[in-house]
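# Architecture and fold: a report
If you want the building blocks of each chain, they are given just below.
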Amino acid sequence: MRHLFFLLIFFILQPVASAQTGWQKTFDHGAVSSADQLASEVGKQILMQGGNAVDAAIAVQFALAVTLPRAGNIGGGGFMVVRLADGTVNTLDFREKAPLSASRDMYIKEGEYQSRLSKDGALAVGVPGTVDGMVQAHQKYGTMEWKSLIEPAIKLAENGYSLSYSQAAGLNAHLDRFRNYTGASVYFLPKNDSLFSEGDLFVQKDLAQTLTFIADLGRDGFYAGEVADEIVNEMNNLGGIITHEDLNKYESVWRAPVTVDFRGYKLYLMPPPSSGSVAIAQILKMMEPYPLEEMGFGSADYLHVMAESMRRAFADRSFYLGDPDFWEVPISELTSVEYNSERMNSFSMDSVTPSETLSHGDVPGYQESTETTHFSIIDRDGNAVGITTTLNGSFGSHVAVTGAGFLLNNEMDDFSAQPGVPNMFGLLGGEANSIQPEKRMLSSMIPMIATKDGKVVMVIGAAGGPRIITAVLQNFLNMAVFEMDAQQANAAPRIHHQWMPDILFYDRLTLSPDTIRLLEAKGHKLRPSSVARIHSLMITEDGKIGAGVDPRGDGYAAGF
Ligand code: DON
């Protein structure tokens with residue numbers, strides 16, 4: 001009888017099991033993986049209408065500015081990596097810039113770093129780059145009418161959408177800070193002054209108007225005219241320093257990607273001012289000589305080699321990395337096999353190299369001159385786009401532009417405001433990343449496209465400050481070394497080490513007590529922590545698009 005029961009269950013489950021392609025969702029023609037269902041659906045519609053991956057990316061970026069106000073934005077910035085089906089790769093840097101009247105010690109009063117000023121309020125705001133970035137991306141690669149890419153976002157702002165549980169909770173956690181600012185009080189407090197609830201209709205009329213200006217006037221809909229006046233008014237009222245000249249002068253920049261070879265894969269990464277490209281290249285080069293498969297996924301030895309490589313790469317990050325327009329970053333030296341194998345001379349399989357005994361490495365001849373969101377898109381022709389975009393902290397500076405309905409970033413905190421004093425992510429920095437007018441603050445955001453045999457196999461990126469770098473790295477290794485699919489790779493446990501503080505962070509409850517003991521025996525100090533959120537696409541062996549969303553967030557993949 002029991003056997004019969006199990007046989008029946010086996011036959012019931014069999015068709016389901018054989019229809020599955022692993023943990024991931026798969027699509028035949030085009031797909032979008034983002035942090036929000038409505039935004040992914042907007043991207044899918046653009047792809048279905050015949051738009052390419054860049055068209056879809058622009059539409060998703062604007063949709064996220066409406067449906068994910070804590071990170072999606074027009075008041076922030078970001079990075080885009082694009083690979084066309086013909087193999088061309090390009091990256092767009094639409095990172096915020098320091099205002100013209102910003103200065104190195106602007107957050108230091110009487111010798112003391114005023115940490116709050118770079119994190120909250122008008123002085124924390126960098127000159128926004130998102131709208132210029134989208135305009136430039138459209139001019140170079142767009143195929144659909146500009147306006148039609150913003151219309152879905154306008155509708156979402158105009159008609160509203162119902163808040164998910166985590167969106168309501170996210171807003172509620174910041175109500176006290178919104179109350180400090182007039183604009184934010186108008187837009188981001190619940191009407192009855194209690195709390196937001198799941199299912200509440202969230203309408204943003206002023207934002208709809210701003211998006212309509214951008215749809216009608218392009219760049220001038222944001223950096224000139226009414227919206228620019230409103231940004232400058234908000235700055236003047238709250239002690240900020242962004243002027244009309246800052247807005248006029250803002251320009252995003254096309255940059256050549258950093259490329260890395262690893263075991264038959266070619267990776268294309270966002271170059272500085274993203275620090276992620278150099279860090280990922282370094283960590284891969286440090287790990288490459290070790291028998292990673294043999295050590296095994298999640299083993300103490302594998303995690304140890306990885307953590308020690310991360311430690312060294314982050315020590316270099318804090319010294320060498322900054323805006324390449326202001327500071328010479330020795331990219332090819334830092335990412336070379338020789339440099340990184342020398343960096344591992346002090347490595348021991350049995351014990352840690354304590355961070356206080358480890359500084360940056362020596363690049364020969366080097367002269368010292370001194371809440372984010374990611375989405376991935378592949379279209380039916382095989383064009384691929386990854387965008388990571390942010391206001392920095394959740395809801396940025398909490399300053400919303402009165403009349404224009406959107407939040408401004410607090411990206412200035414990504415500069416090292418005082419060398420040796422950690423920023424909100426505990427990251428240390430030096431002169432390379434000090435504040436200068438019009439300079440871009442160093443970032444950990446790292447959209448990446450991986451190819452094999454000349455074909456895209458992965459589009460990836462993440463949210464989570466410095467954990468972005470280590471999450472993207474591990475996700476790539478999950479695919480390249482351990483043959484996981486997109487969803488499995490996203491869900492897998494992760495670790496994070498950033499040199500300082502000298503702590504090995506790990507996904508809560510995902511390391512076995514045995515592994516923890518083995519790592520502690522080598523000298524690691526372990527602490528559970530959050531470990532970033534990834535939205536990725538991978539191409540399966542039979543040519544389908546596999547989509548992964550991070551189970552640690554609200555992500556959603558849509559496609560056809
Ligand atoms: O650019 C950076 O490195 C940071 N502003 C990213 C912030 C972030 O990822 C917050 N995330 N969830």
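Residues numbered from 1 in each chain as written. Predicted model: local features only at pLDDT ≥ 70, side-chain atom pairs only at ≥ 80, totals over all residues. Heavy atoms only, no water.

### Here's the deal with the overall build of the protein
If you tally the helices and strands in the protein, you get 20 helices and 22 strands. Computed over its C-alpha atoms, the radius of gyration of the protein comes to 23 Å, within 12% of the 24 Å expected for a compact globule of 560 residues. Seen through its C-alpha atoms, the protein measures out along the principal axes to roughly 65 × 65 × 50 Å. Of the roughly 21,000 Å² of accessible surface on the protein, a fraction of 52% belongs to carbon and sulfur atoms. (Helix = DSSP H or I, 4+ residues; strand = E, 2+ residues; numbered from the N terminus. Rg over C-alpha atoms; globule rule 2.2 N^0.38 Å. Areas by Shrake-Rupley, 256 points an atom, 1.4 Å probe, with all protein chains shown as cover.)

### Structural notes on the side chain of Thr130
Positionally, Thr130 belongs in helix H4 (residues 130–141). A polar contact of 3.3 Å, which involves the side chain of Thr130, links it to the backbone nitrogen of Gly77. (Polar contact = N/O pair within 3.5 Å; in protein donor to acceptor, adjacent residues only side chain to side chain.)

### So, the sheet that holds strand S18 (residues 504–507)
Adjacent strands of a sheet form backbone hydrogen bonds with each other and so pair up, either parallel or antiparallel. Pairing in this open sheet of three strands is mixed, and the strands run S17-S18-S19 from one edge to the other. With partners counted over all chains shown, the strands left at the sheet margins are strand S17 (495–496) and strand S19 (526–529), one partner each. Of the strand pairs in this sheet, S18 and S19 are connected by four bridges, and their pairing is parallel. Within the sheet, the bridge partner assigned to Leu504 lies in S19 and is Leu526. (Pairing = 2+ DSSP bridges.)

### Here we look at the environment of Ser309
Tracing the backbone shows Ser309 in helix H15 (residues 300–320). Classification of Ser309 as buried rests on a relative accessible area of 0%. A C-alpha to C-alpha distance of 42 Å links Ser309 and Thr143, two positions 166 residues apart in sequence. In contact with Ser309, not counting residues within four places along its chain, are Ile283, Met286, Met287 and Met344. From its side chain, Ser309 meets the backbone oxygen of Val305 in a polar contact 2.7 Å long. (Buried < 20%, exposed > 50% of the residue type's maximum accessible area, 1.4 Å probe, protein only. Contact = heavy atoms within 4.5 Å.)

### What to know about the sheet that holds strand S13 (residues 384–390)
The seven strands are arranged S9-S4-S3-S13-S12-S2-S22 in an open sheet whose pairing can be described as antiparallel. Two strands bound the open sheet, and with one partner strand each, they are strand S9 (253–255) and strand S22 (556–559). Sheet twist, expressed as the mean angle between neighbouring strand axes with direction ignored, is 15 degrees. Across seven bridges, strand S3 (residues 77–83) lies against S13 in antiparallel orientation. Looking at S13, one finds that Gly77 is bridged to Thr390. Where helix H3 (residues 53–67) meets the sheet, its contacts fall on strand S2 (31–34), S3, strand S4 (89–94), strand S12 (373–378) and S13, and the angle it forms with S12 comes to roughly 155 degrees. The sheet contacts of H4 involve S3, S4, S9 and S13, and relative to S4 the element is tilted by about 155 degrees. (Axes fitted to C-alpha atoms, helices over the stretch in contact; angles between N-to-C directions.)

### Focus on helix H9 (residues 205–217)
Taking 1.5 Å of rise per residue, the 13 residues of H9 would be expected to cover 18 Å, and the 18 Å separating its terminal C-alpha atoms lies within 8% of that figure. Among all positions in H9, only Leu207, Ala208, Thr210, Leu211, Ile214 and Ala215 are buried. End-on, the buried residues of H9 take up no more than an arc of 160 degrees, which puts them together on one face. Where the residues of H9 are buried, they touch H3, H4, helix H5 (146–159), helix H10 (220–223) and helix H11 (225–238). Positive backbone phi, approximately 65 degrees, marks Gly218, located one or two places after H9. (Expected span 1.5 Å × (residues − 1). Arc of directions from axis to C-beta.)

### Considerations on the environment of Ala315
For Ala315, the location among the structural elements is in helix H15. Along the primary structure Ala315 and Ser355 are separated by 40 residues, whereas in three dimensions their C-alpha atoms are 8.3 Å apart. Other than its neighbours up to four places away in sequence, Ala315 contacts Arg343, Ser359, His360 and Trp499.

### Some remarks on the pairing of strand S20 (residues 533–539)
Looking along a regular strand, one sees side chains alternate from face to face of the sheet. Here S20 lies mainly inside the structure; six of its seven residues are buried. When strand S15 (residues 455–460) meets S20, the two strands line up antiparallel, connected through two bridges. Bridge pairing in S20 places Met458 opposite Met538. Here two bridges tie strand S16 (residues 462–463) to S20, and the two strands are oriented antiparallel to one another. Following the sheet pairing, Ala463 is matched in S20 by Arg533.

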